Amino acid sequence: MQSIKPVLFFLLSLSICWSIQGQFNLKKAKKTLTSNSENKMTSNPCDNNGTVTITEASKAYTLYKNVVKQIELAESFVSRGLTKSSERNIANAERYLGSLLKKEPNADISSLCQRIIALKSDAQETEGDDEYFSKIAYFLGRYYSVEGTPSKPERFGMIYDDFISQASNFNREKAYRKIESSNHRKAEEVKSILDDYSAFIDREGLVDYLMDKLDEVNSDSPDQLIAMATTVKKAATGLKNIAGDNSNVDRLLAFADKQLSKANANMGDIFTSDFHKENLKKVVFTRTRFSPGDESSVEINPTFKPGDAIIATIYLPASIKDAVSSWKGYGKGGTMAIEVEDTKGDFLNRRFESWEVSSYSNYEVSIDDNVNKDQSYVQFVLIPNADSDLRIPTKCKNITPILMARGLSLESERLKTYNVKIKSSGSKTGYVEYKGSFKIDLAQGEGPDYYKNVERLQMDKLLESAPLPTAKLSNSALEAQLISEMNRQGFQEQFKKTYIQKDWQLFKPTFEEPYREMKASFTYTTADGKCGWQTYSFRSFKNGSGGWSAPQKWGGADQRQRISCKKM
C-alpha cells in the first residue's frame, strides 16, 4: 500500500500540470485568433463593410476628421501634378482609417475609401504624365527657341546622336493626345512648342544648315558623304517627327537621299569585294599575300606562330591617291604612320633608336612609288619571317618591319595580342585611323629567338648597299693609337679598323690651353652578330715636355651606321 502512494501522487501532479497547460494554450489560441481577426480587419481598412455613420458624437470622430484632412491634402497635390508629394498623405489617411476602425469596427468608411481609390488611380495616371511631360519639355526646350532669338542653327547640334536618338522616337500624335487628356502644368508648354516647331525650323534656317553640311563633304570620299548623308537624313526625320508636315524638311530628305544614292554608286568602284565593304577602314592579317576580292583563298586573322610572316592589308575608303597624301619623293614612296602595341600599351616599334641605320624610318608603312594609285587597298609585310621580301621598304628607306621582328624577339614565350593603328590623311578622306589586331603564340616553335635570327638576316640584306667609311688619309701609327683608345672604352662593340676622316687641327681658345682635334671612323662587330661603323672626335693636349699627349676620345659618336657583316 505504501508503494502505491508515490505513484498516485505523481499521476495527480501530472494531471494538474496538463490542466494548467491546457488552459494556457486555450487562452493563447483565443488571443491568436483575436489578433488574426484584427489583423485581417485592419490589413486593408477599405475591405470593411461597416454600416455605422460617423458623427460628431462618435468616439472615432477626431480620427475621421484626420482622414478627411489627409485626403484633401493629397487631392490638392495630385491636381497640381505633384504626385510624389501626395504619397505621404495617402499613406497617413490609410493609417488613420485603421485606427478609426479599432475605435469603431462597424464604421461606414465607404465614401472615404472611394476617394482614396480615386486618388491612387489619379496619382498613377498623373505620375505617368509627370514623367512624360517633364522629359518631353526638357527635350524640346533644348532644341527650340522662340521667335526673335538670333538665328544660330549650329548651336542646336542636330547632327549629333543626342538629338537624333530622341527625335527618332518622338511621336507627335501621342503628345497631342496626352496634352488633351491631361491637366499637367507642363502640358501647355509642350503644346506651344509643338504648335510652333515647323515655323521654328524655317526661321532658324535648320534645313539650309543641314544642306550645307552635305555640301561640305560633297567632294570628299564616298564613305564620308555616305556618313554625313545618313546623319542628315536621320536628323531631318527627327525634325519631321516633331514638327509634322514641313515642305523644307521634305526637300532636305529628298536631297539627302539623292546624295546617298550618288555616294553609294561611287563607293561601288571602291569596294574590291563584300569583305572590303564589311571591313572598311580596318586592317586584317594573313600569312601570305592575296588579291583583295579573293579573301576565301587565305585564312583571315589566324593565330600566328614563330616562322609565319604577318601580312597586313588595309581596306581604304578611297583610292590610294585620294587616301594617302604623304609621298617622300626621290623614289622613297608613300607613307602611313603605324603604331603596334600590346594589351598593356607598350609599343612594339617605338623602343629602338633610329640611328642604327642612319636616315631610315622606323615607324612607317611604305607604299611603292610604282603602285597602282587607283587601287583602294594597301598590303605590306608587317612582321617578316626569314624568307620575306623587304625590297619595297628597303627602297623606301624604312626598317619598320625589321624592328617589329626585333620587338618580338624581346617578348616572353606566351600567346600575345597586338593592336595595330595606322594613320593617314588623304585629299578626299581627310584624317583616318585604320585599326586591327592580331595574335601570335610565341610559346610555339623556336619562340621569340626565331625573330632574333630574322632580324639579323633581314638587316643584313637591307645593309648590303650600305658602304664602308672612306679614309681621307693614312697614318698607320695614329690609326693604331686611335683603335686602342676606342677598345679601352668598354663598349659592347669590338672595333676592327680605323678610317681617319680629318687630320689634326690646332685650336687656341682665349684664356684656355691650346689643343688639337681630329675625327676618325671605326668598323665594329658585336657579340650578337651586328656590324657597323661609328665616327668619333679626338683631342690631344700639350704635355710637360712640349709635345702632345696621346689621342683622347672626346664626346659621343658623331655618326653611326649599320652595315652588312659580309663587308667586314
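Just so it is clear, the model here is predicted, and its values are computed rather than measured. (Residues numbered from 1 in each chain as written. Predicted model: local features only at pLDDT ≥ 70, side-chain atom pairs only at ≥ 80, totals over all residues. Heavy atoms only, no water.)

Quick look at the overall build of the chain now. From N to C terminus, the chain includes 16 helices and 12 strands. A total of 568 residues make up the chain; the buried ones form 43% of that total. For the chain, the share of sequence-separated contacts (at least 6 apart) that also reach a separation of at least 24 residues comes to 70%. (Helix = DSSP H or I, 4+ residues; strand = E, 2+ residues; numbered from the N terminus. Buried < 20%, exposed > 50% of the residue type's maximum accessible area, 1.4 Å probe, protein only. Contact = heavy atoms within 4.5 Å.)

Scanning all chains against the criterion turns up 28 salt bridges. Its salt-bridge partner being Asp346, residue Lys344 comes within 3.4 Å of it at the nearest N-O pair. Relative accessible area serves as the criterion here: at 65%, Lys344 is assigned to the exposed category. The class of Asp346 is partly exposed, set by a relative accessible area of 35%. A salt bridge links Arg488 to Glu485; the nearest nitrogen and oxygen atoms lie 2.7 Å apart. Within this structure, Arg287, Glu299, Lys305 and Asp308 form a network of salt bridges that share partners. (Salt bridge = Lys/Arg side-chain N within 4 Å of Asp/Glu carboxyl O.)

Quick look at the pairing of strand 4 (residues 334-342) now. The buried count for strand 4 comes to 7 of 9 residues, which makes it a mostly enclosed element. As paired strands, strand 4 and strand 5 (residues 364-367) are joined by 4 bridges and run antiparallel to one another. Counterpart to Thr335 in the pairing with strand 5 is Ser366. Direction of pairing for strand 4 relative to strand 7 (residues 415-426): antiparallel, over a ladder of 6 bridges. (Pairing = 2+ DSSP bridges.)

Next up on the list: the side chain of Glu493. Here Glu493 lies in the loop between helix 16 (476-487) and strand 9 (494-507). For the buried Glu493, no salt bridge is present, and the opposite-charge side chain at shortest range is Arg560, 5.3 Å distant. Only 3.2 Å separates the side chain of Glu493 from the side chain of Gln534, close enough to count as a polar contact. Non-local contacts of Glu493, meaning those with residues more than four positions away in its chain, are made with Asn487, Tyr524, Thr525, Thr526 and Gln534. (Lys, Arg positive; Asp, Glu negative; His and termini not counted. Polar contact = N/O pair within 3.5 Å; in protein donor to acceptor, adjacent residues only side chain to side chain.)

In space, the 5 strands of this open sheet follow the order 2-8-7-4-5, with mixed pairing throughout. Two strands close off the open sheet at either side, each with one partner strand: strand 2 (303-304) and strand 5. Strand direction decides the pairing type here: strand 7 and strand 8 (residues 430-441), joined by 12 bridges, are antiparallel. In the sheet register, Thr417 faces strand 8, and the bridge partner there is Lys439.

Turning to the pairing of strand 6 (residues 377-383), a few remarks are in order. In terms of burial, strand 6 is a largely internal element, 7 of the 7 residues being buried. For strand 3 (residues 310-315) and strand 6, the ladder comprises 6 bridges, and the chain directions are antiparallel. When the bridges of strand 6 are listed, Ala312 appears paired with Phe380.

Turning next to the state of the cysteines. With the rule as written, the count across this model stands at 2 disulfides. Paired through a disulfide, Cys531 and Cys565 show a sulfur-sulfur distance of 1.9 Å. In this structure the cystine formed by Cys531 and Cys565 twists about its S-S bond by roughly 105°; its chirality is therefore right-handed. Of the two residues, Cys531 sits in strand 11 (residues 531-541) while Cys565 sits in the segment after strand 12 (552-562), which places them 34 residues apart along the sequence. With its bonded cysteines labelled in order along the sequence, the chain shows the pairing 1-2, 3-4. (Disulfide = S-S within 2.5 Å.)

The next thing to look at is the confidence of the model for the chain. Confidence in the prediction for the chain averages 88 pLDDT; 89% of positions are at 70 or higher. Note that residues 7-12 has pLDDT below 50 and, in this model, 0 contacts with residues that lie over four places away or in other chains. Counting contacts from residues 16-42, a segment whose pLDDT is below 50, to residues more than four positions away or on other chains yields 4 contacts. (pLDDT = per-residue confidence, 0-100.)

A rise of 1.5 Å per residue sets the reference length of helix 9 (residues 222-243), with its 22 residues, at 32 Å; its end C-alpha atoms lie 31 Å apart and thus fit the reference within 8%. Within helix 9, burial applies to Pro222, Asp223, Leu225, Met228, Ala229, Val232, Ala235, Ala236, Gly238, Leu239, Ile242 and Ala243. Positive phi shows up at Gly244, right after helix 9, with a value of about 80°. (Expected span 1.5 Å × (residues − 1).)

This part covers the environment of Ser361. One can find Ser361 in the loop between strand 4 and strand 5. Take Ser361: its relative accessible area is 11%, and that puts it in the buried class. Here the alpha-carbon distance between Ser361 and Asn398, two residues 37 residues apart in the chain, equals 4.6 Å.

Here we take up the sheet that holds strand 3. Judged by pairing direction, the sheet is antiparallel, and its 3 strands sit side by side in the order 1-3-6 without closing on themselves. Either end of the sheet is taken by a strand with one partner, and the two such strands are strand 1 (283-286) and strand 6. With strand direction ignored, the average angle separating the axes of adjacent strands in the sheet is 25°. (Axes fitted to C-alpha atoms, helices over the stretch in contact; angles between N-to-C directions.)

Here the focus is the environment of Asp368. Turning to its location among the elements, Asp368 is positioned in the loop between strand 5 and strand 6. With a relative accessible area of 16%, Asp368 lands in the buried category. Along the primary structure Asp368 and Gly333 are separated by 35 residues, whereas in three dimensions their C-alpha atoms are 4.9 Å apart. Ignoring sequence-local partners within four residues, the contact set of Asp368 consists of Trp327, Ile392 and Lys395. A polar side-chain atom of Asp368 sits 2.8 Å from a polar atom in the side chain of Lys395.

In this section: the side chain of Lys416. Here Lys416 lies in strand 7. With relative accessibility at 6%, the residue Lys416 sits in the buried group. A distance of 3.2 Å separates polar atoms of two side chains, one belonging to Lys416 and the other to Asp342. Not counting residues up to four positions away in its chain, the partners in contact with Lys416 are Asp342, Glu411, Phe438, Lys439 and Ile440.

Once that is clear, we can look at the nonpolar core. The nonpolar side chains of a soluble globular protein tend to be buried, and buried together. In terms of nonpolar packing, the biggest core is built from 47 residues, with Leu140, Met158, Phe163, Leu194, Tyr197, Ile201 and Ile242 touching the most fellow members. Residue assignment for this core shows that the elements contributing at least two residues are helix 4 (110-142), helix 5 (161-167), helix 6 (172-180), helix 7 (187-204), helix 8 (206-216), helix 9 and helix 10 (247-267). Of all the elements, helix 9 adds the most residues to this core, at 9 residues. If near-sequence neighbours (up to four positions away) are discounted, Met158 is found in contact with Tyr143, Phe163, Ile164, Tyr197, Phe200, Leu206, Ala235 and Leu239. Listed in part, the 36 residues of the second largest apolar core include Ala318, Ile320, Val365 and Ile367. (Core = buried A, V, L, I, M, F, W, Y, C linked by side-chain atoms within 4.5 Å.)

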